[in-house]
Amino acid sequence: MLALPMEHLGAAPGESWFEENRGAALQGVGLAASSGPGAMMQLKVTAMMEAELCQEVSQRLEEPQSEFSVEKVMAIMGGQTPSFSCLSPEQNQALGAGLRRLDHVAAAAVGSGVGLLLDAEQSELGPALRLWAMGLMGRHNRGVTHIWHTHQAYLQGAEERLLSDLQSARRMGAPYGLKLVRGAYLHHERRTGALQPSREHTDRSYAACLELALQHVTAGHVAVVVATHNAGSVRHAARRMEELRIPRDGPVCFAQLQGVAEHLGLALGRAGFRALRSVPYGPPEAVLPYLARRAQEHPELPGSAQQRAALRAELRRRLLPWGGS
């Protein structure tokens, strides 16, 4: 499972940067497709459009009479020119370009048999990212799950947001693709006040979201990527799959970052479960900060010292690919 770590942080990079990322994403789709059936690729929305624009839309979505809807987003992805009164002409133009880039990559992934997983980002972007994901699912999840969205259990209200999205997808008649994580922007979210009160609350949130998703899997409406390095969560998910009679090679799979918790993936694979490795792919200036951030996150999780050591080893391998010293 390829992971494209490019994301927009800081000053506005300009349209040319987003266009370069579209080209890189299309190359990633081709590379993933060449790995064989069941290939997947992770993509950050802010590689395709400005984070500030997503934040602006997220704020507008909180208003009682928001102009935005899944139907309008789908129409824009299909070529309609956006004209939201709450956005400036420049913002409308940037929104149209960004949504069409997303849809272009999604269409290429669907055409190549590659599942596209939209990564979660900072919580202040969340409402817009969920809306874009629902638009892509409405356009491309036609009876088969091609598009996944990521939900972060370490944020307050995670279960309620997931239930809302599952209900929206059901109304659209589109199967919902869920990638479930605890979250990887811990240092940032500590400043926003959006985090669960404790690790125990996060663990309970993850378990509740997983249970909700698995119940919908049995009804045939959801596919799930259980993305975690937590051995307890992996064991719980595998046990619940057995209890709910969900086939081990069915619509639920597991995923961990390359170089981290390798024993979990190996054990899952030997037991007949689908186990994926997330492999960061891209230029060093994008991949190395991504790995460094992952190495710094979650110091409180069980086994995190070993996980950080594994990530540091992967960083050294990327920096010194020929074993230099």
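Check the entry above for the structure.
Residues numbered from 1 in each chain as written. Predicted model: local features only at pLDDT ≥ 70, side-chain atom pairs only at ≥ 80, totals over all residues. Heavy atoms only, no water.

A separate point is the packing of aromatic side chains. We describe a pair of aromatic rings using the distance from one ring centre to the other and the angle between the two ring planes. One pass over the full model with this rule turns up three aromatic pairs. Their ring planes at 85° and their centres at 5.7 Å tell us that Phe 254 and Phe 273 sit as a pair that is edge-to-face. Within this pair, whereas Phe 254 is found in strand E7 (residues 252-257), its partner Phe 273 is found in the loop between helix H10 (262-270) and strand E8 (275-280), the two being separated by 19 residues in sequence. Exposure remark for Phe 254: the relative accessible area of 0% places this residue in the buried category. A relative accessible area of 8% means that Phe 273 is categorised as buried. Taking the ring centre of Tyr 206 as reference, the NZ or CZ of Arg 182 above it sits at 4.5 Å. (Phe/Tyr/Trp six-rings, centres within 6.5 Å; stacked < 30°, edge-to-face > 60°. Helix = DSSP H or I, 4+ residues; strand = E, 2+ residues; numbered from the N terminus. Buried < 20%, exposed > 50% of the residue type's maximum accessible area, 1.4 Å probe, protein only. Lys NZ or Arg CZ within 6 Å of the ring centre and 35° of its normal.)

With that out of the way, let us pick up the pattern of salt bridges. Considering all chains together, one arrives at 14 salt bridges under this definition. Between Arg 139 and Asp 103 there is a salt bridge whose closest N-O contact spans 2.7 Å. Of this pair, Arg 139 sits in helix H5 (residues 126-140) while Asp 103 sits in helix H4 (residues 89-111), placing them 36 residues apart in sequence. Take Arg 139: its relative accessible area is 24%, and that puts it in the partly exposed class. Residue classification places Asp 103 among the buried positions, given a relative accessible area of 7%. For the salt bridge of Asp 119 with Lys 179, the shortest nitrogen-to-oxygen distance reads 2.9 Å. (Salt bridge = Lys/Arg side-chain N within 4 Å of Asp/Glu carboxyl O.)

Think of two packed helices as two axes; the pair is described by the angle between the axes and how far apart they sit. Axis separation between H4 and H5 bottoms out at 11 Å; the angle between their running directions is 45°. Judged by the angle between their axes, H4 and H5 are oblique. Of the two elements, H4 crosses H5, and the hand of that crossing is right-handed. Between H4 and H5, the residues in contact are Leu 95, Leu 99, Leu 102, Asp 103, Ala 106, Ala 107 and Val 110 and Trp 132, Leu 136, Arg 139 and His 140, respectively. For the contact of H4 with H5, the class distribution of residues is eight nonpolar, one polar and two charged. (Axes fitted to C-alpha atoms, helices over the stretch in contact; angles between N-to-C directions. Parallel < 35°, antiparallel > 145°, perpendicular 65-115°, else oblique. Left-handed = near helix turned anticlockwise from the far one by under 90°. Contact = heavy atoms within 4.5 Å. Nonpolar A, V, L, I, M, F, W, Y, C, P; charged D, E, K, R; others polar.)

Of the pairings in the sheet, the one linking strand E1 (residues 2-4) to E8 comprises two bridges and is parallel in character. From the neighbouring strand, Ala 3 faces E8, where its bridge partner is Pro 280. Pairing between E7 and E8: four bridges, direction parallel. Paired with Ala 255 across the two strands is Leu 276, which belongs to E8. You can see the chain leave E7, run along H10 and come back into E8, and the turn it takes is right-handed. (Pairing = 2+ DSSP bridges. Right-handed = clockwise from strand over helix to strand, strands pointing away.)

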